[in-house]
Amino acid sequence: MKKSPLLILSVLLAACGPDKLISDLPSPNGQYHVEVRKCPEKGSITWGEEIQVSLLETGKSEKCHAVVRSLAQFDLRASADQLQLEWLSDTELRAWHPSFEPGNQPNGSRLKHDAPVKMVFAPKR
């Protein structure tokens, strides 16, 4: 049986894992939103999953492993069940997960230098 290149490509793409939006939290004024996505883990040969959190302007979206439209973004290599996201104001977002080191940004966090929204990485008070 001869395998077609299209069939092989389809199988490989299916094995790459999800790119699934699991949560979307708008800012109080509706100008921004935070997407939480389940993504295939970068560089994993076991097809693991990670969570990608992207802060964006309303109407924009960011696919897994892209940092084109995001004002800020971080990855979480743990369950999203304990992820806390809370808008403190129209331009300030609190993000926390028990896996974060207190007082530090999560590993791999990215923030555009001119981002109009501040991200605070702290547990709820």
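About the criteria used
Residues numbered from 1 in each chain as written. Predicted model: local features only at pLDDT ≥ 70, side-chain atom pairs only at ≥ 80, totals over all residues. Heavy atoms only, no water. Pairing = 2+ DSSP bridges. Helix = DSSP H or I, 4+ residues; strand = E, 2+ residues; numbered from the N terminus. Core = buried A, V, L, I, M, F, W, Y, C linked by side-chain atoms within 4.5 Å. Buried < 20%, exposed > 50% of the residue type's maximum accessible area, 1.4 Å probe, protein only. Contact = heavy atoms within 4.5 Å. 1 Å grid on protein atoms, 1.4 Å probe; cavity = no way out; pocket = protein on both sides within 12 Å on 5 of 7 lines; lining within 4 Å. Points joined across faces, edges and corners; volume = space filled by probe spheres on them. Nonpolar A, V, L, I, M, F, W, Y, C, P; charged D, E, K, R; others polar. Polar contact = N/O pair within 3.5 Å; in protein donor to acceptor, adjacent residues only side chain to side chain.

Colleague: For this particular structure, what's the right way to read the pairing of strand S1 (residues 20-26)?
Modeller: Each regular strand carries side chains that alternate between the two faces of the sheet. Strand direction decides the pairing type here: S1 and strand S2 (residues 32-40), joined by 6 bridges, are antiparallel. By the bridge assignment for S2, lysine 20 is matched with lysine 38. In sequence, S1 turns back onto S2 through a hairpin of 5 residues, with glycine 30 there showing a positive phi of about 80 degrees.

Colleague: It is not clear to me how unusual backbone geometry should be interpreted in this structure. Could you clarify?
Modeller: Excluding glycine, residues mostly carry a negative phi; peptide bonds, for their part, are mostly trans. The backbone of histidine 65 shows a phi angle near 65 degrees, a positive value even though the residue is not glycine. Looking at the element boundaries, histidine 65 is found in the loop between strand S3 (49-57) and strand S4 (72-76).

Colleague: Looking at this model, I keep getting lost on the nonpolar core. Mind explaining?
Modeller: Nonpolar side chains tend toward joint burial in soluble globular proteins. Val53, Leu55, Phe74, Trp87 and Met119 are the most contacted members of the largest nonpolar core, which has 19 residues in total. Contributing elements (two or more residues each) for this core: S2, S3, S4, strand S6 (92-96) and strand S8 (118-121). If near-sequence neighbours (up to four positions away) are discounted, leucine 55 is found in contact with Tyr32, His33, Val34, Ser70, Leu71, Ala72, Trp87, Val117 and Met119.

Colleague: I tried to follow the layout of surface pockets on my own but got confused; where do I start?
Modeller: To find leftover empty space, a probe the size of one water molecule is rolled over the atoms. Taken as a whole, the largest pocket encloses approximately 240 Å³ of empty space. Together, Asp75, Leu76, Arg77, Ala78, Ser99, Phe100, Glu101, Asn104, Gln105, Pro106, Asn107 and Gly108 line the largest pocket. When the residues that make up the lining of the largest pocket are grouped by side-chain class, the tally is 4 nonpolar, 5 polar and 3 charged.

Colleague: Mind showing me how you'd approach the pairing of S6 here?
Modeller: In terms of burial, S6 is a largely internal element, 4 of the 5 residues being buried. Where strand S5 (residues 84-89) lies against S6, 5 bridges are found, and the strand directions are antiparallel. By the bridge assignment for S6, leucine 85 is matched with alanine 95. The hairpin turn running from S5 into S6, its antiparallel successor, is 2 residues long. Of the strand pairs in this sheet, S6 and S8 are connected by 4 bridges, and their pairing is parallel. Each residue of the ladder has a partner; that of alanine 95, found in S8, is phenylalanine 121.

Colleague: What's the story with the sheet that holds S1 in this structure? I'm lost.
Modeller: To summarise the sheet geometry, strands pair through backbone hydrogen bonds and adopt either a parallel or an antiparallel arrangement. Spatially, S1-S2-S3-S4-S7 is the arrangement adopted by the 5 strands of the open sheet, whose pairing is antiparallel. Here the strands that pair on one side only, and so sit at the sheet edges, are S1 and strand S7 (110-111).

Colleague: Teacher, can you tell me more about the side chain of serine 54 here?
Modeller: You can see serine 54 is positioned in strand S3. Serine 54 sits in the buried class, given a relative accessible area of 1%. At 3.5 Å, the side chain of serine 54 and the side chain of glutamine 52 are in polar contact. Excluding anything up to four places from it in sequence, serine 54 contacts His33, Val34, Glu35, Glu62, Ser70, Ala72 and Gln73.

Colleague: Any chance you could explain the side chain of glutamine 73 here in plain terms?
Modeller: In this structure, glutamine 73 sits in strand S4. Only 3.0 Å separates the side chain of glutamine 73 from the backbone oxygen of alanine 66, close enough to count as a polar contact. Within the local environment of glutamine 73, its side chain forms a polar contact with the side chain of arginine 110, the two groups lying 2.6 Å apart.

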